[in-house]
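The residues making up each chain are set out below.
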Amino acid sequence: MVNIPIRFRLFLRYLCLLSSLSLVFTSQAISIREASISDLQLAFKQNRLTSRQLTKFYLGEIRRLNPVLRAIIEVNPDALNQADRADRERKAEKHVLLSSLHGIPVLLKDSIATKDKQNTTAGSFALLGSVVARDAGVVARLRRAGAVILGKANLNEWSGFRSLTQPNGWSARGGQGRNPYVLSADPCGSSGGSAIAVAANMVAVSLGTETDGSILCPASVNSAVGIKPTVGLSSRAGVIPITPRQDTVGPICRTVSDAVDVLDAIVGYDPNDAKATREASKYLPQGGYRQFLKVHGLHGKRLGIVRHPFFNFTNKPSQALAFTKHFATLRQAGAVLVDNLKIKNIDVILNFNLSGEGTAVLAEFKIALDAYLEELVSSPVRSLADVIAFNQKNSKLEMTNQVDQSILLASEFTNGIGSAEKAALSNLGKLTREGFEKLMMRYELDAVMTPGFDFTPVLAIGGFPGISVPAGYDTEGVPFGICFGGLQGSEPKLIEIGYGFEQATKIREPPSFRP
Ligand SMILES: *[C@@H]1O[C@H](CO)[C@@H](O)[C@H](O)[C@H]1NC(C)=O
Ligand SMILES: *[C@@H]1O[C@H](CO)[C@@H](O)[C@H](O)[C@H]1NC(C)=O
Ligand SMILES: *[C@@H]1O[C@H](CO)[C@@H](O)[C@H](O)[C@H]1NC(C)=O
């Protein structure tokens, strides 16, 4: 448990006071808080709400909550202008069917580039003032859908690739992000700010990115819904990378329905990430993903249970109880639980060092980051070596919390894809084929279901999709999720399963800011 300084405790009291005031005096605040995109679109349509009012509400909540939660690095100075434009368009085009994200404020992880007044820095001062060539592919799609870009979310600096010991939710620019349920609890990362902000109603919906766990983990511990799409389903162009082999951009939201609306808006071919997005476009369903929000989506689904090492509830009585109930609920809803399965070499797959994931990713990161930095229109740093030198020179600025840069250094030490990296990559392929893929096919599973976020390496190394849905709270009040992972392109099934589970359990509650 982190010790909470007294100044912070006083602030907490002030925070609780404020939130009870706003609940008493402004009915507007109640209706916006916890509203889904569908609720908000209905309110727009009935002239009960404008995009400007909605955006102002979130900007106010950011001013109020961000000094403690540190979920956001920057707000977009043009957010209200974009909201006004959406309001004008809605008035002018009464009979045109607008996108479900039209006029909806969206928060972007700070690794996702915007060509506007905002900075894109992965939380590092090294990239402050850098100028990107264009919006990230997913941002271009959000703008075309009429979304309001509300700001940039805090994250684990460099998406967790700075140091083996960097704290979750921390970046030099953003400070220490906090879990809004239990402020001393781990907010996880690396898309921590995105999850914290939606959980605490500082924005309607958000985008995160995942290389290994960075969407599914913060979604799980902040009681949010995260979708980690199949690699290539959403464009990674203009996203500060770790490795194109594993990186993917996906939604973090309060509900499965919201996450599906965001997913629909961001997927598809992008010439700036041509190979991966072309290959994955075969998975895109005609008519989008909303058709899979079926109340009876669990019916007939075959869900695999791999007991070792995922269902170990030693010292976790709340999880043990919750998952016993969830199994019963899933069966009642018509799912078939295929129990006591094994994934070959699972202990190797879960160990970054043994699987080869560490070796591969360290070398790939240097190549991908150097390429990103070279492509910038202007930038204080042009290579990983420059970033490391910047951190050394500005240690006062960057080394808050004594955060070292061990991963950056280890990556700089690599030298392309040599024999060790090739062997590692080949091993990752073998582990996936003989492990997860074989299990899925042999038992004709629709998904493997696990508590929390421990499953993410299995999904990461194969480019597989996953969804995390709120599944309970432990004795301290810290949330935990349930993760459903499937084969590439299985988003339709994962959405049916995730939505079915969410509707059958309705576990999410807004956060209470416990110390
Ligand atoms: C982006 O960074 C510059 C400093 O380089 C700062 O002046 C500006 O306010 C930042 N933009 C936003 C939207 O905070
Ligand atoms: C279960 O977890 C506990 C504590 O987290 C650990 O000590 C134990 O070895 C684990 N048991 C198995 C069978 O993996
Ligand atoms: C992997 O290796 C690093 C560096 O030797 C070490 O610090 C870390 O604990 C190892 N991780 C695992 C999961 O074994």
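In this text, all values refer to a predicted model and were calculated from it rather than measured experimentally.

What about the packing of aromatic side chains?
Then comes step 1: Tallied over the full model, the rule gives 13 aromatic pairs.
Then comes step 2: The structure contains a cluster of three or more aromatic residues connected by ring pairs, namely Phe 311, Phe 313, Phe 323, Phe 327 and Phe 480.
Then comes step 3: Note that Arg 90 overlies the ring of Phe 44, its terminal NZ or CZ placed 3.9 Å from the centroid.
Then comes step 4: The ring of Phe 311 has Arg 307 sitting right over it, with the charged end atom 5.6 Å from the ring centre.

Considerations on the domain arrangement of the chain
Where interface size is given, it is often the accessible area lost as the parts come together that is meant.
Then comes step 1: Looking at the chain, the domain boundaries give domain 1 (33-291) and domain 2 (302-353 + 428-503).
Then comes step 2: Taken over C-alpha atoms, the centre of domain 1 sits 25 Å from the centre of domain 2.
Then comes step 3: Every contact between the two is made by 33 residues of domain 1 and, on the other side, 32 residues of domain 2.
Then comes step 4: Where domain 1 abuts domain 2, roughly 2500 Å² becomes buried across the two surfaces, and 63% of that area is made up of carbon and sulfur atoms.
Then comes step 5: For the pair domain 1 and domain 2, the number of links is zero salt bridges.
Then comes step 6: Broken down by secondary-structure element, the contributors of at least two residues to the side of domain 1 that touches domain 2 are α8 (216-221), β7 (225-228) and α9 (256-266).
Then comes step 7: Among the elements that line the side of domain 1 that touches domain 2, the one with the most residues is α8, at five residues.

Observations concerning the state of the cysteines
Then comes step 1: Under the definition given, this model contains one disulfide.
Then comes step 2: Across a sulfur-sulfur distance of 1.9 Å, Cys 188 and Cys 217 are joined as a disulfide pair. Sign of the S-S torsion, about 110° for the bond between Cys 188 and Cys 217, identifies this disulfide as right-handed. One end of the pair, Cys 188, is in the loop between β5 (175-176) and α7 (192-199); the other, Cys 217, is in helix α8, with 29 residues separating them in the sequence.
Then comes step 3: Taking relative accessible area as the criterion, Cys 188 reaches 6% and is therefore assigned buried.
Then comes step 4: On the basis of relative accessible area, Cys 217 is assigned to the buried category, the value being 5%.
Then comes step 5: The thiol of Cys 483 is unpaired, and the distance to the nearest cysteine sulfur, on Cys 217, comes to 11 Å.

Quick word on the site of ligand 3
Then comes step 1: Every residue close to ligand 3 is listed here: Leu 164, Asn 351 and Asn 353.
Then comes step 2: Measuring from an oxygen atom of ligand 3, one finds a side-chain N or O atom of Asn 353 at 2.4 Å.
Then comes step 3: Notes on ligand 3: free accessible area 360 Å², of which the protein chains cover 31%.

Topic: empty space enclosed by the protein
Then comes step 1: The final tally for this structure, using the stated rule, is one cavity of 30 Å³ or more.
Then comes step 2: Roughly 60 Å³ of volume is contained in the largest cavity.
Then comes step 3: In terms of lining residues, the largest cavity is bounded by Ser 159, Thr 209, Glu 210, Thr 211, Arg 236, Val 239, Ile 240, Pro 241, Ile 242, Asp 247, Thr 248 and Val 249.
Then comes step 4: Sorting the residues of the lining of the largest cavity by element identifies β6 (205-210) and β8 (248-253) as the ones contributing at least two each.
Then comes step 5: Split into classes, the residues belonging to the lining of the largest cavity amount to five nonpolar, four polar and three charged.

Notes on the sheet that holds strand β9 (residues 302-306)
Then comes step 1: Taking strand neighbours across the sheet as the criterion, the 11 strands line up as β1-β3-β2-β6-β8-β7-β12-β13-β11-β9-β10 in an open arrangement whose pairing is mixed. Each end of this open sheet is capped by a strand with a single partner; those strands are β1 (72-75) and β10 (336-341). Each neighbouring strand pair of the sheet contributes to a mean axis angle of 30°, computed without reference to strand direction.
Then comes step 2: Of the strand pairs in this sheet, strand β2 (residues 105-109) and strand β3 (residues 148-153) are connected by five bridges, and their pairing is parallel. Across the sheet, residue Lys 109 finds its bridge partner in β3, namely Ala 153.
Then comes step 3: Sitting on the sheet, α7 touches β1, β2, β3, β6 and β8, and the angle it makes with β6 is about 155°.

Side note on helix α19 (residues 419-442)
Then comes step 1: When the terminal C-alpha atoms of α19 are compared, their 33 Å separation across 24 residues agrees well with the 34 Å that a helix rising 1.5 Å per residue should span.
Then comes step 2: The largest bend in α19 amounts to roughly 35° and is located at Thr 432.
Then comes step 3: Among the residues making up α19, those that are buried are Glu 421, Ala 424, Leu 428, Leu 431, Thr 432, Gly 435, Phe 436, Leu 439 and Met 440.
Then comes step 4: Count one or two residues on from α19 and you reach Glu 444, which has phi positive near 45°.

Reading the values: the criteria
Residues numbered from 1 in each chain as written. Chains lettered and ligands numbered in written order. Predicted model: local features only at pLDDT ≥ 70, side-chain atom pairs only at ≥ 80, totals over all residues. Heavy atoms only, no water. Phe/Tyr/Trp six-rings, centres within 6.5 Å; stacked < 30°, edge-to-face > 60°. Lys NZ or Arg CZ within 6 Å of the ring centre and 35° of its normal. Domains from an automatic or database assignment. Contact = heavy atoms within 4.5 Å. Buried area = accessible area lost by both parts, 1.4 Å probe. Salt bridge = Lys/Arg side-chain N within 4 Å of Asp/Glu carboxyl O. Helix = DSSP H or I, 4+ residues; strand = E, 2+ residues; numbered from the N terminus. Disulfide = S-S within 2.5 Å. Buried < 20%, exposed > 50% of the residue type's maximum accessible area, 1.4 Å probe, protein only. Near = heavy atom within 4 Å. Polar contact = N/O pair within 3.5 Å; in protein donor to acceptor, adjacent residues only side chain to side chain. Areas by Shrake-Rupley, 256 points an atom, 1.4 Å probe, with all protein chains shown as cover. 1 Å grid on protein atoms, 1.4 Å probe; cavity = no way out; pocket = protein on both sides within 12 Å on 5 of 7 lines; lining within 4 Å. Points joined across faces, edges and corners; volume = space filled by probe spheres on them. Nonpolar A, V, L, I, M, F, W, Y, C, P; charged D, E, K, R; others polar. Pairing = 2+ DSSP bridges. Axes fitted to C-alpha atoms, helices over the stretch in contact; angles between N-to-C directions. Expected span 1.5 Å × (residues − 1). Bend = angle between axes of the 7 residues up to and from the residue.

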